[in-house]
Structure formats: structure tokens, C-alpha cells
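Chains, contacts and geometry: an overview
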Amino acid sequence: MIISCPMMTSLYSVRMRASCHDQHISGAERLVPVHAVAETTAALIERALSAPLGPPDKVHCNSEQIDPATVHWAKLPDVYSYQVESVQDGRLAATQLLIGAGLSADRAALAVATLAEGAGPDGVVMRGAVLMDAVTGERLEHDLVRGVRVSRMDLLSTCRPDVEALLAAAGLGHHRVLEALILSGKVLQAPGIVAELCWSDAPDYVTGYVAAPRCGYQRISQLKTAGDKRGGRVFFVDRTKVTVSALVDYLERQPVLFDTVGTIAPLKKWELPDA
Ligand code: PML
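Residues numbered from 1 in each chain as written. Predicted model: local features only at pLDDT ≥ 70, side-chain atom pairs only at ≥ 80, totals over all residues. Heavy atoms only, no water.

Turning our eyes to something else, we now look at the sheet that holds strand S3 (residues 58–66). Taking strand neighbours across the sheet as the criterion, the 3 strands line up as S2-S1-S3 in an open arrangement whose pairing is antiparallel. The outermost strands of the open sheet, each flanked by one partner alone, are strand S2 (23–33) and S3. Looking at each pair of strands side by side, their axes are set apart by 10° on average, direction ignored. Bridge analysis of strand S1 (residues 11–20) against S3 gives 9 bridges, and the strand direction is antiparallel. Bridging across to S3, Ser 19 finds its partner in Lys 58. Sheet contacts for helix H1 (residues 37–49): S1, S2 and S3; angle to S2, the most-contacted strand, approximately 165°. (Pairing = 2+ DSSP bridges. Helix = DSSP H or I, 4+ residues; strand = E, 2+ residues; numbered from the N terminus. Axes fitted to C-alpha atoms, helices over the stretch in contact; angles between N-to-C directions. Contact = heavy atoms within 4.5 Å.)

Shown next as C-alpha cells:
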């Protein structure tokens, strides 16, 4: 549903990308009202300069006006967290959750292997996400280095303190959780999306997730070994429901703001579903 937000007369997309020797090291973005653009830009540049993989030799920060009437309003996905004992168990859990979202065992395993081996050419980490045909496993992104960049999404700024407090109370206060939840929330709103698999390319962050429109945002405590720089995202698409260009356009350009939070379930030990 696309509705206009009467209290929002002017909205800006503020985006930051930082790199060093042409390697991406940090990126973040926000959708904020005009009075918050300067403060948000300063905060994102500060973040780029203190990136763990930094310091960067290039920081790009740009802001672009968004027509509030085009914003798609949505609810954040429900959050589930599963504790696994090892990377191997985590990847099995991810495979099971992808199968639960409607994928075949082969396609689920292919997505896990794609991220594990490095999804870009020669095993490099891609800047954006892999787009994979949910039935054939075919790679659909036009640029195998850039991938698909999900952009122009945020939590409504007046909701942010409450959502941050809720996540912190559940032990999920790391900034990566909220950022990934917002990004995944937008992905799950996109036409034709069947599921998403993600784990971070940050060497020190080993948690990842499987998200799907019917299943929510399902976190898995370990999807890689600490120190491993490989990670990224795979979006599975049902091509009977959407064309690749319409999907990429939605993911990269449609502004989405979240104004409602879903359920945040307590951490559970992962158990294999009954056969
Ligand atoms: C979480 O703990 O829920 C976030 C997992 C994915 C982080 C992805 C990223 O670092 O961008």
C-alpha cells in the first residue's frame, strides 16, 4: 500500500559508502526529514572514518530528496533467534529454514555454498546481493561484482528510540541487527521474493539469518568462523511473479519506511524440525 504521510513534508535519502584501495569497507543509509540531514550526514561520515576495516581513502556521502507521497509504509518482520553449536550446524539450520520458506534442498544448499565460497568473481565478496532464481538457481544480477544494492529504506525516526530499546532489551542492541532487519524488511516487501539468506562479511560478526515473507527474520548465531571475510546476501526470486528489472528497481529505488515493529521472540536452541 502506498500512502502519503501528512506530517512529512520533506524527506531525504542520505547514503554513505566508504572504501580503501577500491575495496568497500563501510556503508550505511538513512531516510530522514530535512532538519536531520546535516546531523545524519555527519554521523555517517564519522562512522566511515572509524570503520573497523578502515581508515577509508574515499568516503562518498550524498543526500537526495524523496517525494513523501511515494513512500511505502510497512511493518518490520518478526524476529526469531536460534542458538547453534557450530558453523556446520548453523549452515544446516539455514538450509532447513530456506527449505521451510519453499526452496528445494539443492537451491538452499547452493545459496549457502555461494556465500561460503565468496559470491563474486574469483571468490571476492560482492558489494551488493546475489539475485537467484528460486527454481533454477540461475544467477540473475547483471553485475557480479556490484550485485543488487538495497537502498532507500529506514525506520521512521520517531519510532527509532522505541525499537532500539526493544532490541536492546532482547540482547539485540548491536547496530548490525537493526540495520539488517530494516534492509531485510524491505526485501520481504518486494514483489516475487521467496527468501533471503545473509551473513556478514565483517570478519568479527558471525551471526546471520534466513528471512522469508511467511516466516519473518530468523537469526542463526553462527554461520561462519570468526576471521572469515566472506559473507553477503542471496535473494531468491520467483520469476513467475516479477521481472528482474521490476524487482531490482523496487529494491534499489522504492522508498520504504517502517513504522511498526513485529514480535521479538526470545533466543531458542536450534532443533531440527521433525521429519
Ligand atoms: C543480526 O545479528 O541479526 C544481523 C545479521 C546480519 C548482519 C549483516 C551485516 O553485517 O550487514
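Here we take up H1. With 13 residues, H1 should reach 18 Å at 1.5 Å per residue; the first-to-last C-alpha distance of 18 Å fits that figure. Turning to H1, its buried residues number three or more, namely Val 37, Thr 40, Leu 44 and Ala 48. Around the axis of H1, the buried residues are gathered within 75° of arc, so they sit on the same side. For H1, exposure combined with an orientation more than 90 degrees from the buried face picks out Ala 38, Glu 39, Glu 46 and Leu 49. Those residues of H1 hidden inside the fold are in contact with S1, S2 and S3. (Expected span 1.5 Å × (residues − 1). Buried < 20%, exposed > 50% of the residue type's maximum accessible area, 1.4 Å probe, protein only. Arc of directions from axis to C-beta.)

Here the focus is the pairing of strand S12 (residues 256–260). Examined bridge by bridge, strand S4 (residues 72–75) and S12 share 4 bridges and lie parallel to one another. The residue bridging His 72 from the neighbouring strand is Val 256, located in S12. Two strands pair when backbone bridges link them, and strand S7 (residues 153–155) and S12 are joined in this way by 3 bridges, in the parallel orientation. The partner of Leu 155 across the bridge, within S12, is Phe 258.

Counting across every chain of the model gives 16 salt bridges. A salt bridge links Glu 64 to Arg 253; its shortest N-O distance comes to 3.6 Å. You can see Glu 64 sitting in strand S3 and its partner Arg 253 sitting in helix H6 (residues 244–253), a full 189 residues away along the chain. Here the residues in one salt-bridge network are Arg 15, Glu 64, Arg 152 and Arg 253, joined through shared partners. (Salt bridge = Lys/Arg side-chain N within 4 Å of Asp/Glu carboxyl O.)

Turning next to the site of the ligand. Every residue close to the ligand is listed here: Arg 176, Val 177, Ala 180, Cys 198, Ser 200, Tyr 205, Thr 207, Tyr 209, Tyr 217, Arg 219 and Arg 233. Contacts to the ligand include Arg 219, whose side-chain N or O atom sits 2.7 Å from an oxygen atom. Secondary-structure elements contributing two or more residues to the shell around the ligand are helix H5 (175–189) and strand S10 (216–220). Take the shell around the ligand: its biggest share by element is 3 residues, from H5. Each residue belonging to the shell around the ligand can be placed in one class, and the counts come to 6 nonpolar, 2 polar and 3 charged. (Near = heavy atom within 4 Å. Polar contact = N/O pair within 3.5 Å; in protein donor to acceptor, adjacent residues only side chain to side chain. Nonpolar A, V, L, I, M, F, W, Y, C, P; charged D, E, K, R; others polar.)

Along the chain, Glu 29 turns up in strand S2. For Glu 29, a relative accessible area of 12% gives the class buried. Polar side-chain contacts of Glu 29 include one of 3.0 Å to the side chain of Ser 151. Here the side chain of Glu 29 touches Arg 152 through a polar contact of 2.5 Å, landing on its backbone nitrogen. The contacts of Glu 29, once residues within four sequence positions are left out, are Ser 13, Val 14, Arg 15, Arg 17, Leu 44, Val 150, Ser 151, Arg 152 and Met 153.

Worth remembering: the numbers are spatial, not functional.
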